[in-house]
Amino acid sequence: NVDVTPGVDYAWRKWLDFVGETAVGYTKQTDDVNSWEVTPRAGARFHVFSRNVPTAIPGRPLQREFPPRRRVVVRDLVRVESRNIFYTGSGTGSSSTVRVRNRLELLVPLNREALSADRVRYVLADWEWFIPLGEPEERFANKQRIRAGLGYRRSTAWRFELLYMWTRSRNTIDEGFTTNDNIIDVRIKRVF
C-alpha cells in the first residue's frame, strides 16, 4: 500500500485546530484485484492542555505554530471522511462510504523540553476508532487502531516518524472484533 496525504492545519484557538486533508492511495489487495482510494477528510483537533500563543515581535516573522504549554501533549482529533475506492483488475467497480474517525493522541519529548523544539526526539501513541455512517458494504467497515512509535523533528519544516500499528475490525455490529493488521508505518512530513 502506498499513500500520499496532503493536508492543511489551521490553529484557530489555543485549544483548537481545523484540519483538512485528502488521502490518495494505491493498494495491491490480491493477485487479481487492486484499488485506488481518494479520501477527503475534514475535522478538528482539540488540545487538552492548550498551547501558548506566540507574541509578535517587531521585525521578526510570526511563529508558524503554537508551542505546547506542558511537556506531555494530549489531544483529540475528530474527523469525517468520504472513502471513495476504485477497483482495477478482475475486481472492477467502485464503492463509497462516509465515516467518523476519533483519535486520542499522546506525545512526549525525550531529549528536549517541548515538542516544538528543533532536533527533538519523541514518543507517540494513539488510539483511533473508525465509525461508519450508514451500512457500508465494505470490508473492515468498523475498526480500531492503536499506534505507537518514535519521531524526530529536525526543524519546523521536516519531521520523521516510525510507527507500529495494530488494527482490529468487524464487518457487522453483531460480530466481534478480529485482529487483521500489523503494520510498520514510515512517515516523512514536510510542513510549509
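Remember, it's a predicted structure, so these values are computed and weren't measured experimentally.

Under the counting rule described, the total for this entry stands at five aromatic pairs. Plain terms: the ring middles of W15 and F46 are 6.3 Å apart, the flat faces sit at 15° to each other, and that makes the pair stacked. Within this pair, whereas W15 is found in the loop between β2 (7-13) and β3 (16-28), its partner F46 is found in strand β4 (residues 33-47), the two being separated by 31 residues in sequence. We classify W15 as partly exposed; its relative accessible area is 42%. With a relative accessible area of 33%, F46 lands in the partly exposed category. Between the aromatic rings of Y26 and W36, the centroid separation amounts to 5.0 Å while the plane-to-plane angle is 55°, which identifies the pairing as tilted. In this pair, Y26 is assigned in strand β3 and W36 in strand β4, connecting sequence segments 10 residues apart. Under the relative-accessibility criterion, W36 is labelled partly exposed at 43%.

Together, V24, Y26, W36, V38 and F86 line one region of the surface with nonpolar side chains, adding up to about 430 Å² of accessible area. Mapped onto the nonpolar patch, the elements with two or more residues apiece are β3 and β4.

A few words now on the nonpolar core. V73, L107, L115, V120, Y122, L124 and L163 form the largest nonpolar core, which has seven residues in total. The element best represented in this core is strand β7 (residues 120-133), accounting for three residues.

A word on unusual backbone geometry. The phi angle at R119 is positive, at roughly 60°, despite the residue not being glycine. Looking at R119, the relative accessible area reads 46%, which means it is partly exposed.

Our next topic: the confidence of the model for the chain. Per-residue confidence for the chain gives a mean pLDDT of 85; residues scoring 70 or more make up 87%. Within the chain, no element has a lower average pLDDT than strand β10 (residues 178-190), which sits at 86, and none a higher one than β4, at 93.

Before going further, it helps to spend a moment on the side chain of R145. Its location among the elements puts R145 in strand β8 (residues 142-153). For R145, which is buried and forms no salt bridge, the nearest opposite charge comes from E128, at a distance of 4.1 Å. For R145, the contacting residues outside a window of four places in its chain are R101, D126, W127, E128, F130, M165, W166 and T167.

Following the criterion strictly, the structure yields 19 salt bridges and no others. Where E21 meets R41, a salt bridge forms, and the shortest distance between an N and an O atom there is 2.8 Å. Here R41 lies in strand β4 and E21 lies in strand β3, a separation of 20 residues in the sequence. Grouping residues by exposure puts E21 and R41 together as buried. Where E105 meets R75, a salt bridge forms, and the shortest distance between an N and an O atom there is 2.6 Å. In this pair, E105 is assigned in strand β6 (residues 93-109) and R75 in strand β5 (residues 73-89), connecting sequence segments 30 residues apart.

Reading the values: rules and limits
Residues numbered from 1 in each chain as written. Predicted model: local features only at pLDDT ≥ 70, side-chain atom pairs only at ≥ 80, totals over all residues. Heavy atoms only, no water. Phe/Tyr/Trp six-rings, centres within 6.5 Å; stacked < 30°, edge-to-face > 60°. Helix = DSSP H or I, 4+ residues; strand = E, 2+ residues; numbered from the N terminus. Buried < 20%, exposed > 50% of the residue type's maximum accessible area, 1.4 Å probe, protein only. Patch = residues over 30% accessible without salt bridge, like charges linked within 9 Å, V, L, I, M, F, W, Y side chains within 5 Å. Areas by Shrake-Rupley, 256 points an atom, 1.4 Å probe, with all protein chains shown as cover. Salt bridge = Lys/Arg side-chain N within 4 Å of Asp/Glu carboxyl O. Core = buried A, V, L, I, M, F, W, Y, C linked by side-chain atoms within 4.5 Å. pLDDT = per-residue confidence, 0-100. Lys, Arg positive; Asp, Glu negative; His and termini not counted. Contact = heavy atoms within 4.5 Å.

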